[in-house]
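If you want the building blocks of each chain, they are given just below.
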Amino acid sequence: MSKVLNIHSRRPAAGPGAVAAAVVLGGSLLAAAPADAAPARPFGTVITPFGVNERQYPSTDSSVRGFLKYRSQVGLKCKVRAQNIGGNQIWYLLRDQQVWVSAKYVDNTGSVKFCKDVQRSPLNDTEQSKTAMG
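Just so it is clear, the model here is predicted, and its values are computed rather than measured.

About the cut-offs
- Residues numbered from 1 in each chain as written.
- Predicted model: local features only at pLDDT ≥ 70, side-chain atom pairs only at ≥ 80, totals over all residues.
- Heavy atoms only, no water.
- Salt bridge = Lys/Arg side-chain N within 4 Å of Asp/Glu carboxyl O.
- Helix = DSSP H or I, 4+ residues; strand = E, 2+ residues; numbered from the N terminus.
- Contact = heavy atoms within 4.5 Å.
- Polar contact = N/O pair within 3.5 Å; in protein donor to acceptor, adjacent residues only side chain to side chain.
- Disulfide = S-S within 2.5 Å.
- Buried < 20%, exposed > 50% of the residue type's maximum accessible area, 1.4 Å probe, protein only.

Participant: Any chance you could explain the pattern of salt bridges here in plain terms?
Facilitator: Two side chains bearing opposite charge may form a pair once their charged atoms approach each other closely. The full count for this structure, using the stated rule, is one salt bridge. A salt bridge links Asp117 to Lys116, with the shortest nitrogen-to-oxygen separation between them at 3.2 Å.

Participant: Got a minute to help me understand the environment of Ala103 in this structure?
Facilitator: Take Ala103: it is sitting in the loop between β6 (100-102) and β7 (106-109). The sequence separation of Ala103 and Val46 amounts to 57 residues, and the corresponding C-alpha distance is 9.1 Å. Once residues lying within four places of it in the same chain are set aside, the contact partners of Ala103 are Asn88, Ile90, Trp91 and Tyr92.

Participant: How should the side chain of Ser62 be read in this particular structure?
Facilitator: Relative to the elements of secondary structure, Ser62 occurs in the loop between β2 (52-55) and β3 (64-68). Reaching out from Ser62, the side chain makes a polar contact with the backbone nitrogen of Gln56 at a distance of 3.3 Å.

Participant: What is the right way to read the state of the cysteines from this model?
Facilitator: Defined simply, a disulfide is a covalent bond joining two cysteines at their sulfur atoms. Scanning the model with the defined rule gives one disulfide in all. Shown here is the disulfide that connects Cys78 with Cys115, its sulfur atoms set 2.0 Å apart. Taking the sign of the S-S torsion, about 85° here, the bridge from Cys78 to Cys115 comes out right-handed. With a gap of 37 residues between them, Cys78 in strand β4 (residues 73-85) and Cys115 in the loop between β7 and α3 (122-133) connect regions that are remote in the sequence. The class for Cys78 is buried, based on a relative accessible area of 3%.

Following this line, the structure appears as structure tokens:
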């Protein structure tokens, strides 16, 4: 029985000071992490180690407008069926930009509606007409 007590007595103290240190450490870690690390739903996470190109239209024939690195998270506005990429014909329109990414390389979280089912705002129509003219 004394061996058991000796083993327990060699353990680090878990008294009130240790608990307070853990709470302070935990609190500082929580404070350092942003509350909204992931975009609002629905959002997508790039799953290919090579990243994915952002395109002007949902096609590889369309011009590249940007690039998302592996594990990048982006808000998804809606989806369409378009060019088939490796057996997947879904493309996502990003929420904060007028660019498209292939769903083959992006894992979505949340339900992404088809673009025909998403209500358009007058602001979006104005922005798109400016883009088409300019």
